[in-house]
Every structure is written in structure tokens, then in C-alpha cells.
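Residue-level listing of the chains:
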Amino acid sequence: MKKIMIIAAAALLAGSAKAQTIYDAAKFTGKDLNGTARFVGMGGAMSALGGDISTIGTNPAGIGIYRSNDVMTTFSFSAYGMESTYKGLDNVYNSKWDKNRGGFDNIGFVFSSKIGNQTPLRYVNFGFNYHKSKSFYKNMGMEGLLNTAPGDGIVTQTYQMANQANGVKDSKYLEGREAFRDKDLGWLSVLGWQGHLLNEDGKDQWGGNLYRPMTTDIPYAKFHSEERGGIDQYDFNVSFNVNDRFYFGMTIGAYDVDYKKYSSYDENYGETGYLLESWNKIGGSGFDFKLGAIVRPIESSPLRFGVSVHSPTFYKLTLTTSSRMVSDVFLGDKLTRTTIDTYDMVGDMNREYSFRTPWTYNFSLGYTVGSSLAIGAEYEYENYSTMRFNYPEGDAMTWENDQTSMLKGVSTVRVGAEYKVIPQFAFRLGYNYSTSAFKEDAFKNLPYNSISTDTDFANAQALSNYTIGIGYRGSLLYADLAYKYSTYKEKFYAFEDIYLNKTDVTNTRSQVLFTIGMRF
């Protein structure tokens, strides 16, 4: 071992070079409010009401409400927005980004089979639904002078490089292309050393080298990132109607993950400075099971109770990463530019792993007044701290699993209503609210041998969705239109440093959905 460590640390960090973080995992755990325009228009609060294809993914028993066949598809148009504010010691810096894009969000069908009126089992229904359960589409930007209060010292990303390098017994191990293949070395430390951003600074008590940043100046920093891709969800359902009072269903879900992120971080010290670019891609697939029930406890009452349980989603994923650094520093009296591209050195580095999301529990109520008014409400809970990482061989990834203690349980409340002005025309309203998954002191804790070089992280706060919609029902065809406005705030950091001021971020998404379908 080139790195000298205490025994406890060695036990925690044993294994291959690290790449995964809880921030990536949190992205794959949450789901967007998406689906049919009717479902979205009611804020997704239809788990006890049922009768909509999108309930296949919240309460599988909702498909049991169907008494006819259904086929539909949904298109959408989204406008994304981001505003960030970084407050330095003396100045305030603002960034803004807006982007529009269209999408194909949803297609599905229900085949309803009537058993009869003489037996308790009245209907057996089968359903399929595809929808985009998660969009990763997001841009982020911040910039500003990283000055701090007197006595706090210099704030720079190069301290994270130096900390990762500390303990390497000889700096020669940080040189050359083979350093990027060494499972005991983190790429930040290698890039920092080869980019001439670090200096040796004595020895530690075990004989390993200590390192410090080259700079003694306050940096002006710029950060930009682009995230793309999403999670496609394919649900297969069977459901049962018993005596028109008890409904049961099961859904098997298949997931396809496609996540891409590009980030660039720049520190400028006047004549000197550096640019660090990172490319990450995570792809793979997963599956889960959902069980649900809807009950009308009083035969003459329209009140319905719903409950469903979602198993964890079991993912097999592959992370592919590469980095590029361009530094301008004085070597002697000469200002020298150095470029290190890990792709030229070792190509794309791949890391395979398994990931398991939390269990999800959903409780719902539905109530109808005649055939003109429907009201839904529900509560959902999943404990993000129970997510787990494993190596492909099945062994637990101890370091990553220990980091999940910085996450907490997420509660989601959904309410919605539909009012039929006339039998053919309906008006809808909805709202849902999800609490934050991150504890107040959460941060991206990269281990000493991480190949990840995107040090940025953002602790997302509570999410609110406001929805409105209209719908038309004919004898055969139907059409629905919905508008959704989503907003949440984040506390963003370009890297981990207790003296780095947060960047306040507000993210918004306006989405219009149009569903057209046929019931027969």
C-alpha cells in the first residue's frame, strides 16, 4: 500500500476504486409527477379513486376499477428554469438559465375482462403502461469570488485535491498514466499533482507525504453543469374486482436508466488558474413489485380507502467517467500550460455496481359525489437512508452505505379534485408536496480513492407541484389537457469546504401535457 492509513480507515475504504455517491442514488430514487393529463391535473391523488392508467404505478388496484378497455398516449412540452445566487463576502453574483423541450411521456392500455355478476369475482383486468418516471434535464451555473471572513483562510477546490493526496508515500506514484489505474489513488489527487496545483508539505506520523495547494490567492470560481437523460418505466399489471367493493392488483415494473452529466469548474487567480471538466454517464436497468388494494367499507357509501406497498427497485448500473484538466501555473519564471485528459490516458473508466432503493408505502382516500365530483388524497413515505449499494459480486459497498446516514425519510402528500361541469366536460385541480431527502449537514464525501472528479453537490429542499387541467369525454374518444408547475430550492456547493458559502438555487419546471385516448 502506497497510502498510509489507520486500521479503521483501511477497513472502511477497502475495495476497488470508488465512483458512486448518495447524490446520484437520490436522483434514481425519487419520481416525477408524470403520466396521463388527467392524473397530473389531479396532482396524482388518484390511488384510491382508480380508473386511470397512471395509477398502475401508485396503487395497482386502481386498474381494477375499469369496466371497459382503454388505450391512450400522452405528449408534453416543458420549460425548465434555474436561478442561482452566490453571496461572497463583499459581492452578490447571480446566474440564470432557461430551456424548453418537448417529450413523449406516456402510452398504455387496459384490457378489461368481465367474469360475471353471479360470482364474487366480477372483473379481471390486465394493463400495461410506459411513462417517463424521471427527467434528469437540468442546467446549473454559479460564479463569484471565493472570499471568506477574516481568519477562515483560503477556500479552494485544491484543498480537496491535497486532502485526497495526503498519505501517498512518494509523489512519484502520482505521476504518469498508470496513476489513473491505481485503485489506491483518487483522480482528484492525481490531476492536482500532475497539473502542478499541489506542493509537498512534509510527512505525516506514518511516513506518508502531506500536500498543500499551490495557490495562496483568493480564487474567482465559475461552475457550469448539464444533466440529461431520464428513467423510463414499464409497468405490467393484473387486477381484480370482487363484488364491486374490493379491488386488488399487482404491478411488475421494469426500469431503464440513462443519465449523463457534464460539469466544468474553473478557478482563476489572476495570471494562473485551472479548468477541470468531468463527464459521467450512468446506465442500466432495474425492476420492482407493487401490491395494492382499494376497499369500499360501506356498500352504500362512495368512500374508498386505498393502500399499496412498493418493493425496492433493484438496479444493476454501470458508471462511465472521464476527466480533463487544463492548468496555467508558473514553473520557475515561466507561465506553463499543462493539459491532462484521462480519456487519452486510460479511456473511459467503468464501474459496475448494484443499487437498491427504499421501500415505499402509500395510503389514500377517495370520495365521489354522484357522478359530478371526485376528491382524492394520499400520503406516501420512503426512507432514503435505507438505500443500499453492492459490488457486482454481491458484497456490500461499506463506504457508500455508511454515507446514507446523511439522508432521511421523505413524505409526500397529494390532494386533487375533479368536477364535471357537464357529463362530457371536467375541470381539475391538484397539489402535492414532498419533503427533502437530505439532512441539513449532508455533503458529498468522496473517499481517498474515488475516480469521481465532479465535487459539486446540492442539497435539494422540499418540492411543490401545482396542477390544473380540463378534460373531455365522448362516447368513444376522450382528450385531457393539464398544466403542472414544479418548484424547489437547493443549497449548492461546488466542492466540500466548511468555509465555502452556499449558492442559493431555485429550480422550476412548467409542463403542459396532452392525452388522447379511446375507451371501448
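Residues numbered from 1 in each chain as written. Predicted model: local features only at pLDDT ≥ 70, side-chain atom pairs only at ≥ 80, totals over all residues. Heavy atoms only, no water.

In the annotation of an unreviewed UniProt entry, the entry for the protein chain reads Outer membrane protein transport protein (OMPP1/FadL/TodX), and the organism field reads Bacteroides nordii CL02T12C05.

1. Structural notes on the overall build of the protein chain
A tally of helices and strands in the protein chain yields seven helices and 21 strands. Taken over the C-alpha trace, the protein chain has a radius of gyration of 26 Å; the compact-globule value for 520 residues is 24 Å, and the two agree within 12%. Over its C-alpha atoms, taken along the principal directions, the protein chain stretches across nearly 90 × 50 × 40 Å. Counting the 520 residues in the protein chain, one finds 55% classified as buried. Looking at the protein chain alone, contacts between residues at least 24 apart form 73% of all its contacts between residues at least 6 apart. About 21700 Å² of surface is accessible on the protein chain, with carbon and sulfur atoms providing 57% of the total. (Helix = DSSP H or I, 4+ residues; strand = E, 2+ residues; numbered from the N terminus. Rg over C-alpha atoms; globule rule 2.2 N^0.38 Å. Buried < 20%, exposed > 50% of the residue type's maximum accessible area, 1.4 Å probe, protein only. Contact = heavy atoms within 4.5 Å. Areas by Shrake-Rupley, 256 points an atom, 1.4 Å probe, with all protein chains shown as cover.)

2. Comments concerning the nonpolar core
Core analysis: the biggest nonpolar cluster contains 77 residues, and F28, Y353 and F355 have the highest contact counts within it. Those residues in contact with F355 that lie beyond four places of it in its chain are A25, F28, T29, T313, F314, Y315, L317, M387, R388 and F389. (Core = buried A, V, L, I, M, F, W, Y, C linked by side-chain atoms within 4.5 Å.)

3. Considering the pairing of strand β17 (residues 409-422)
Sheet topology note: the strand β15 (residues 373-383)/β17 ladder contains 11 bridges and is antiparallel. Residue A374 lies in a different strand from β17, and its bridge partner there is E418. The loop that links β17 with its antiparallel partner strand β18 (residues 425-434) comprises two residues. (Pairing = 2+ DSSP bridges.)

4. Focus on the layout of surface pockets
Each pocket or cavity is described by its volume, and for the largest pocket that value is around 660 Å³. In terms of lining residues, the largest pocket is bounded by 29 residues, among which R38, I65, R304, E418 and K420 are the most central. Looking at the lining of the largest pocket, the elements with two or more residues in it are β15, β17, β18 and β19 (457-473). (1 Å grid on protein atoms, 1.4 Å probe; cavity = no way out; pocket = protein on both sides within 12 Å on 5 of 7 lines; lining within 4 Å. Points joined across faces, edges and corners; volume = space filled by probe spheres on them.)

5. Thoughts on the pattern of salt bridges
For the structure shown, the criterion picks out 27 salt bridges. Its salt-bridge partner being R38, residue E418 comes within 3.1 Å of it at the nearest N-O pair. Within this pair, whereas E418 is found in strand β17, its partner R38 is found in helix α3 (residues 37-41), the two being separated by 380 residues in sequence. Like E418, the residue R38 is buried in the burial classification. Here K261 and D454 are joined by a salt bridge, their closest N and O atoms 3.1 Å apart. Separated by 193 residues along the polypeptide, K261 in strand β8 (residues 246-268) and D454 in the loop between β18 and β19 bring together distant segments of the chain. (Salt bridge = Lys/Arg side-chain N within 4 Å of Asp/Glu carboxyl O.)

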